[in-house]
Amino acid sequence: MAQSVFEELLVYVGFGPDDAEALHALLPLARPHFGHISEVFYARILEHADARQALEGGEVTVGRLKGLLVQWMESTLAGPWDTAYFERRSRIGRAHVRIALPQHYMFGGMDLLRRELATVLDEARLQPPERGRRMRAALDRILDVELGIMLHSYEEDREVQRLQAVRTLTAGLSHEIRNPLNAATLQLAVLERRIRRMPPQDQADSLQPLVLVRDEIRRLDRLLEDFLQFARPHELAREPVVVETLVQRVADLLSTDAERRGVRLSLQLETGLRARGVESRLREVVLNLVLNALDASPSGGEVRVTSRSAGGEQVELRVEDDGEGVDPELRERIFQPFFTTKPQGSGLGLAIVQTIIAQHGGNLRLEHTEQGGASFRIHLPSATAPPPPRLS
Ligand code: HEM
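About the thresholds
- Within each chain, residues carry numbers counting from 1 in the order of the written sequence.
- Totals for whole chains, interfaces and linings use every residue, but because this is a predicted model, local features are given only for residues with pLDDT of at least 70 and side-chain atom pairs only at 80 or more, for both listing and counting.
- With hydrogens and water set aside, each side-chain value is computed from the structure's full complement of heavy atoms.
- Note on classification: 1.4 Å probe, protein chains only; a residue is buried when its accessible area is under 20% of the maximum for its type, exposed when over 50%, partly exposed between these limits.
- Here a strand is any run of E in DSSP of at least two residues, a helix any run of H or I of at least four, and the numbering for each starts at the N terminus.
- Whether two strands pair comes down to DSSP finding at least two bridges between them.
- Because no water is among the atoms considered, metal sites can look incomplete, with donors defined as N, O and S atoms within 2.8 Å of the metal, or 3.2 Å for Na, K and Ca.
- Any residue with a heavy atom lying within 4 Å of a molecule or strand is counted as near it.
- Each polar contact in these results corresponds to two N or O atoms within 3.5 Å; when the atoms are within protein, one needs to be able to donate a hydrogen and the other to accept it, and residues that are neighboring in sequence are counted only if both atoms are side-chain atoms.

A.B. asks: Please clarify how the pairing of strand S5 (residues 314–320) should be interpreted in this entry.
C.D. replies: Residues in a regular strand project their side chains so that they alternate between the two faces of the sheet. Within S5, six of the seven residues are buried, which leaves it mostly tucked inside the rest of the structure. Bridge analysis of strand S4 (residues 302–310) against S5 gives seven bridges, and the strand direction is antiparallel. Considered in S5, the bridge of Ser-307 is made with Leu-317. Between S4 and the antiparallel strand that follows it, S5, lie three residues; Gly-311 among them carries a positive phi value of about 70°. Relative to strand S7 (residues 374–381), S5 runs antiparallel, the two sharing seven bridges. From the neighbouring strand, Val-319 faces S7, where its bridge partner is Phe-376.

Here you go:
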């Protein structure tokens, strides 16, 4: 993702500092009406035979939800409209998805809130009228963003379901292919032993095709390993992982490879950083990204891995290369399973990376360096942050 969904939404609706100011000014005017608006909101839902069914638990649930809606209005107008805000809103979106609330209810719900809040503004008859108009525009923008986040939660859920289906299919196919492949490998070993018993001058002719077949089987086996990695759901037992050690291990592993390609591998790692995660899985993430970066970098180029603390609760890891960057049209697609630009690739490397990071409650972004190379930026919960919510 070149930009986070939230940033994209803010830019799309044109939400800026003036809007933030206008919403802050609107808040004290609107606050006395939040309780009433919340009553109207749930009264409307209760009038609707199908929507009413969502409110299991009767009055107690409705009472709790009314309170939560009041808090929601307060924070919508108060901000700050930052990443934490987006995360909280996404959780609300996921709460609706979890109870299978039809997506179109969100339009009706948001429309009601918009009209009720606009009425408060109209009735305040602000002077000069321009003040009121600015507040109304800001209100429209932030509610558009809110609706966008709600709808994005449904989109995410569809993506999770789709991925789940692809995973099931991949796992099934991989097992089906692996069994006959193992049998073929065994038979190949038998064949090799027979060839080695032949007179030496006759061996070469038979061994050469055998080695070719064996190499191809190995390649297929590696591909299947990738497929299974992607398909296997992992329960994560997270613990503190020292980022410096993690990256250093990957760098040691790949140093000969980098040297052979003539690419410098440079590390700038903040000491003492610890992410909450599973070491082996995070190593796979860094390994995949650094390997991709090495592939993308020309001889004489540099691959940079940097880590730093991001706001205390997050650890940021960046892998940058000196390549040509990713074509804007491919930026979304490179994360999709089975999409690859490499002739020998399984197309699962980045899909695996993204899956692992999402399982850790982190996020991955593709950006570009000043020179136009690719820059993958990962945010992971730090070991000091409270445990992240489960995604699925
Ligand atoms: C579009 C505007 C809406 C907003 C701003 C909104 C806001 C919220 C908030 C803040 C929560 C609490 C989430 C949490 O922290 O646990 C919530 C949950 C809930 N909302 Fe909405 N909501 C909207 C639309 C609707 C509609 C149209 C319905 C019903 C037809 C509905 C039914 C529910 C229910 C049943 C829950 C509880 C979910 C659970 O059990 O976790 N919401 N909503």
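Structure shown, so let's carry the discussion forward.
A.B. asks: Can you help me understand the coordination of the iron atom of the ligand in this one?
C.D. replies: Around a metal, the perfect tetrahedron of four donors has angles of 109.5 degrees, and the perfect octahedron of six donors has angles of 90 or 180 degrees. Just one protein atom donates to the iron atom of the ligand; it is His-96 (NE2), sitting 2.1 Å from the metal. As for its position among the elements, His-96 is in helix H6 (residues 83–98).

A.B. asks: Whenever I open this one, the site of the ligand confuses me. Can you help?
C.D. replies: Taken together, the neighbourhood of the ligand is formed by 21 residues, with Ala-54, Trp-72, His-96, Ile-99 and Leu-101 sitting nearest. At 2.9 Å, a side-chain N or O of His-96 approaches a nitrogen atom of the ligand. Arg-98 has a polar side-chain atom sitting 3.5 Å from an oxygen atom of the ligand. Those elements giving two or more residues to the shell around the ligand turn out to be helix H3 (34–47), helix H5 (58–78), H6 and helix H7 (104–124). In terms of residues, the shell around the ligand owes the most to one element, H7, which gives five residues.

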